[in-house]
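Reading the structure
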Amino acid sequence: MVSKYTSFWHKQAYIAVGFLAVAPLVVSTAIAPAQAHDDTEYYIGLDGLHILLSGTYAGLDNPNYNRLTFLSAHREANPASNHFHGIGTYSYLGAVDSPSINSTSANNRIPETYTGIPPLKLLPGTGIYSGRLISSDTHEEYSNLNIQSITSLAGALEADDQYLFNSSGGRWQSSLTGATIGLQLLEISSGLNIANEAGENILNSLGDIYTLGGGDDFSFTPTFWTQKTATPGTYSATFKLVDLSDNYLESGTFSLDFRVEKVPEPSTTIALGFAGLLALSISHLKKRTVKSLN
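Treat the numbers as computed from the prediction; the structure is a model and nothing was measured. The residue count restarts for each chain, going from 1 along the sequence in the order it is written. Restriction of local features to residues with pLDDT of at least 70 applies here, the model being predicted, together with a cutoff of 80 or more for giving and counting side-chain atom pairs; totals for whole chains, interfaces and linings are based on all residues. Excluding hydrogens and water, the side-chain figures rest on all heavy atoms present in the structure.

1. Quick word on the pattern of salt bridges
For this analysis, a salt bridge means a side-chain nitrogen from Lys or Arg found within 4 Å of a carboxyl oxygen belonging to Asp or Glu. All told, the structure shown has seven salt bridges when counted by the stated rule. One salt bridge in this structure joins Arg171 and Asp47, with 2.8 Å as the shortest N-O distance. Remark: Asp47 occurs in the loop between strand 2 (42-46) and strand 3 (68-74) and Arg171 occurs in the loop between helix 3 (167-170) and strand 12 (180-188); sequence separation between them is 124 residues. Across the pair Lys240 and Glu250 runs a salt bridge, and its minimum N-O distance is 3.1 Å. Of the two residues, Lys240 is situated in strand 18 (residues 233-243) and Glu250 in the loop between strand 18 and strand 19 (254-260); the sequence distance between them amounts to ten residues. Each residue is placed in one exposure class: buried if its accessible area under a 1.4 Å probe, protein chains only, is under 20% of its type's maximum, exposed if it is over 50%, and partly exposed if it falls in between. Looking at Lys240, the relative accessible area reads 16%, which means it is buried. For helices the rule is a DSSP run of H or I covering at least 4 residues; for strands it is a run of E covering at least 2, with both sets numbered from the N terminus onward.

Written out as structure tokens, the structure reads:
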């Protein structure tokens, strides 16, 4: 199936090509009322599935049962097909009769590796982010980093959201009442930083935990940033979700990937523009010459 976001991303790529020819430290954030909307891509849910129903390990206990889960919403062109992907969930490895449990899965990155979508591009910031490259909601798939509780979808009036909330037989509908959700930093690339909605740097050391909110009503949008002069390449951060109230089990580990692209020198940009104009002029001259000969 082709999601609305994937279709958009492919169109943007086409247009672009055409145009170019250790104890953890715990900190908190204020809790804002969460309201689901069509652009929200990430949710935190509680896995309510006791027994695996399909796959190699069907019939075994679900290693994610009662665990917090980082969910990526997939909103399809046909809303009835909307569903979630658990990112970095616990998984089984090895023989069916004696498997081991892994604290992550093959599908543990954003953007999801199987899509072929490159890491999220860090773009020039403004205001307090002047002189930096930052993560931004470009309306491309995976770029809206807002995170909400799954239950923010429960009272949604839009059919699109209701199909999403009820997907997988209601597997993710359990309330997070009594939970205090924390985002714990496990790994991060040198030069990559994380800020909260006030622009304050958070998760400064490995093992630090940032409190997203409590219960079923929270909304959080992190900003990932580097200096404008950062070396081009891929930058990543790896996390897990924890319940600081100890009512629910921690999630598996998952990573978010970003990219810094090399900015062409002004002289190079001018040269490319001049070369394009020159090629266009030569093309027009050839056409005029052919017409005059005819």
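2. Some thoughts on unusual backbone geometry
Note the cis peptide between Ile110 and Pro111, where omega equals -5°. Unusually for a residue other than glycine, His139 sits at a positive phi of about 70°. Turning to its location among the elements, His139 is positioned in the loop between strand 10 (132-134) and strand 11 (147-149). Given a relative accessible area of 46%, His139 falls into the partly exposed group. Here the phi dihedral of Asp246 falls at roughly 60°; this positive angle occurs in a residue that is not glycine. Tracing the backbone through its elements, the reader meets Asp246 in the loop between strand 18 and strand 19.

3. Some thoughts on empty space enclosed by the protein
We place a 1 Å grid over just the protein atoms. Points where a 1.4 Å probe fits but has no way out form a cavity, open points with protein on both sides within 12 Å along at least 5 of 7 lines form a pocket, and any residue with an atom within 4 Å of a point lines it. Grid points are joined across faces, edges and corners, and a volume is the space filled by probe spheres set on the points. Considering only enclosed or pocket space, the largest cavity measures out at about 80 Å³ in volume. Residues that form the lining of the largest cavity fall into these classes: ten nonpolar, no polar and no charged. Amino acids outside the nonpolar list (Ala, Val, Leu, Ile, Met, Phe, Trp, Tyr, Cys, Pro) and the charged list (Asp, Glu, Lys, Arg) are all regarded as polar, and Gly is one of them.

4. Topic: the packing of aromatic side chains
When the centres of two rings from Phe, Tyr and Trp lie within 6.5 Å, Trp using its six-membered ring, the rings pair. Their planes under 30 degrees apart give stacked, over 60 give edge-to-face, and anything left gives tilted. With the rule as written, the count across this model stands at eight aromatic pairs. Seen from their ring centres, Phe70 and Phe254 are 4.3 Å apart, and the 10° between their planes marks the pair as stacked. Of this pair, Phe70 sits in strand 3 while Phe254 sits in strand 19, placing them 184 residues apart in sequence. Its relative accessible area of 2% is what places Phe254 among the buried residues. Relative to Phe254, the ring of Phe239 has its centre 6.1 Å away and its plane inclined at 35°; by these criteria the two rings are tilted. Highlighted residues: Phe239 in strand 18 and Phe254 in strand 19, separated in sequence by 15 residues. Here Phe239 and Phe254 have matching classes, each one buried. Connected via pairs of aromatic rings, a cluster forms that spans Tyr42, Phe70, Phe224, Phe239, Phe254 and Phe258. Criterion for a charge above a ring: Arg CZ or Lys NZ at most 6 Å from the ring centre, at most 35 degrees from the ring normal. A cation over an aromatic ring shows up here: Arg67 above the ring of Tyr90, its NZ or CZ 3.7 Å from the ring centre.

5. Focus on the sheet that holds strand 13 (residues 193-195)
Note on sheets: strands pair through backbone hydrogen bonds, and any given pair is parallel or antiparallel. Taken in spatial order, the five strands of this open sheet run 9-10-17-13-14, and their pairing is antiparallel. Either end of the sheet is taken by a strand with one partner, and the two such strands are strand 9 (123-124) and strand 14 (201-202). We call two strands paired when DSSP finds no fewer than two bridges between them. Two strands pair when backbone bridges link them, and strand 13 and strand 14 are joined in this way by two bridges, in the antiparallel orientation. Across the sheet, residue Ile194 finds its bridge partner in strand 14, namely Ile202.

6. Here we look at the sheet that holds strand 11
A sheet is described by the order of its strands in space; here five strands give the open sequence 4-3-2-11-16, paired in mixed fashion. On the outer flanks of this sheet lie strand 4 (83-86) and strand 16 (219-220), each paired with one strand and no other. Where strand 11 lies against strand 16, two bridges are found, and the strand directions are antiparallel. Within strand 16, the position partnered with Ile147 by the bridge is Phe220.

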